[in-house]
Amino acid sequence: MTTHHASRPARRAFTLADAAREFRRHPSPRLIAGTLVAATCARLAVGDWQATDILVPVAMVAVFPLVEWVVHVCILHWRPRRIGRLRVDPLLARKHREHHVDPRVVSLIFIPWQALMWVLPVALAVALLAFPRLGMGLTFLVSLTVLGLVYEWCHYLIHSDYRPKTTAYRAIWRNHRQHHFKNEHYWFTVTSAGTADRVLGTCPDPAAVATSPTAKNLHATPGR
């Protein structure tokens, strides 16, 4: 007697549309996107377009890989320490350690919304007070929120089931996954590869780097 086994359906590929549906469910992208919409509307209402409105986003894009690197190294990989009786261990650092433990937990991929509740008002204050023209400040805020969404999207996509289909994205994907699964002491940029890491000496040949035993347990003592 012949037994017939129902063939299992092939697993459907995870598409960019799937990724977008998941992405917009989370509070941090929504908060940043809402700020972007408000800032864009305000910028269009103010007008007063000048050449410096082009220089602002160009300069921000140029320095963004360095900013990513500094934030990742100095804030996200902050080692908890005591100052007298006070334990200094910021929320961003705590959440990032959890993210390294299990990089596939979607809620831990995004900037904590609690942090955005003060980061976005500070960004607004900078836009209103630190620029010689209101229009220029609003251009800064629009540019910042665009970069914030690009960062969140790239970071989420890298940790999702979406697989690279272009050379540029494959390089970014590989760069960040090496940070998580090869060695947490290198490859700190997220939206680019071989930029700030190369300049600052954290982009070695992966074949020459030992796999770290603490990539999933930041600041732990190896062997424990």
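Since the model is a prediction, treat every value here as computed from it, not as a measurement.

(A) The arrangement of the nonpolar core in detail. Formed by 29 residues in total, the largest nonpolar core has its most connected members in Tyr156, Ile158 and Tyr169. Looking at this core, the elements that each hand over two or more residues are helix 1 (16-23), helix 2 (27-46), helix 3 (52-76), helix 5 (113-129), helix 6 (134-159) and helix 7 (167-181). Looking at which element gives the most residues to this core, the answer is helix 6, with 10 residues. Ignoring anything within four residues of it in the chain, the contact list for Tyr156 reads Phe14, Ala19, Glu22, Phe23, Val106, Ile109 and Phe110.

(B) Local environment of the UniProt feature "domain: Fatty acid hydroxylase" (unreviewed entry) in the chain. According to UniProt, the "domain: Fatty acid hydroxylase" (unreviewed entry) feature falls on residues 58-202. Here residues 58-202 runs as 64% helix and 4% strand, with 25 Å between its end C-alpha atoms.

(C) Quick peek at the packing of aromatic side chains. Taken as a whole, this structure holds nine aromatic pairs when the rule is applied. Judged by centre distance (6.1 Å) and plane angle (40°), the rings of Phe23 and Tyr156 are tilted. Note that Phe23 is positioned in helix 1 and Tyr156 in helix 6, a separation of 133 residues in sequence. Each of the two residues, Phe23 as well as Tyr156, counts as buried. Ring centres of Trp153 and Tyr156 lie 6.3 Å apart, and the angle between their planes is 45°; on these two criteria the pair is classed as tilted. Of the two residues, Trp153 and Tyr156 are both situated in helix 6; the distance of three residues between them amounts to about one turn of the helix. Members of the aromatic cluster, each reached through a chain of ring pairs, are Phe23, Phe110, Trp153 and Tyr156. For Arg81, the ring lying beneath its charged end belongs to Trp78, and the centroid distance is 3.9 Å.

(D) Focus on a nonpolar patch on the surface. On the surface, Val46, Leu124, Leu128, Leu129 and Leu134 cluster together to form a nonpolar patch covering roughly 470 Å² of accessible area. For the nonpolar patch, the leading source of residues is helix 5, giving three residues. Mapping Leu134 onto the fold places it in helix 6.

(E) Representation of the pattern of salt bridges. On inspection of all chains with the given rule, the structure shows eight salt bridges. Among the salt bridges present, the one from Asp53 reaches Arg133, with a minimum N-O distance of 3.3 Å. Placement of Asp53 in helix 3 and of Arg133 in the loop between helix 5 and helix 6 is noted, with a sequence separation of 80 residues between them. The class for Asp53 is buried, based on a relative accessible area of 7%. For Arg133, a relative accessible area of 14% gives the class buried. The partner of Asp89 in a salt bridge is Arg87, with the nearest N and O atoms 3.6 Å apart. By relative accessible area, Asp89 is classed as buried at 11%. The class of Arg87 is partly exposed, set by a relative accessible area of 46%. Several salt bridges converge on common partners, so that one network encompasses Arg43, Asp48, Asp53 and Arg133.

Rules used in this analysis
Numbering of residues begins from 1 in every chain and follows the order in which that chain's sequence is written. In view of the model being predicted, local features appear only for residues whose pLDDT reaches at least 70, and side-chain atom pairs are presented and counted only at 80 or more, with totals across whole chains, interfaces and linings using the full set of residues. To obtain the side-chain values, all non-hydrogen atoms of the structure were used and water was disregarded. Put simply, buried Ala, Val, Leu, Ile, Met, Phe, Trp, Tyr and Cys residues joined by side-chain atoms within 4.5 Å make one nonpolar core. Each residue's exposure class comes from its accessible area (1.4 Å probe, protein chains only) as a fraction of the maximum for that residue type: buried when under 20%, exposed when over 50%, partly exposed otherwise. Per the convention used, a helix needs a DSSP run of H or I reaching at least four residues, while a strand needs a run of E reaching at least two, with both numbered from the N terminus. The contact criterion used is simple: two residues touch if any of their non-hydrogen atoms lie within 4.5 Å. UniProt positions are given in the numbering used here, feature names are shortened, and annotations may be inferred rather than shown by experiment. Only Phe, Tyr and Trp rings are paired, with Trp represented by its six-membered ring, and only when their centres lie within 6.5 Å; those with planes under 30 degrees apart are stacked, over 60 edge-to-face, the remainder tilted. For a Lys NZ or an Arg CZ to count as sitting over a ring, it must be within 6 Å of the ring centre and within 35 degrees of the ring normal. Residues with no salt bridge and a relative accessible area higher than 30% make up the patches, which join like charges within 9 Å and nonpolar side chains (Val, Leu, Ile, Met, Phe, Trp, Tyr) within 5 Å. Shrake-Rupley sampling with a 1.4 Å probe provides the accessible areas, and residues are treated as covered by the protein chains on show and by no other component. Put simply, a salt bridge is a Lys or Arg side-chain nitrogen that is within 4 Å of an Asp or Glu carboxyl oxygen.

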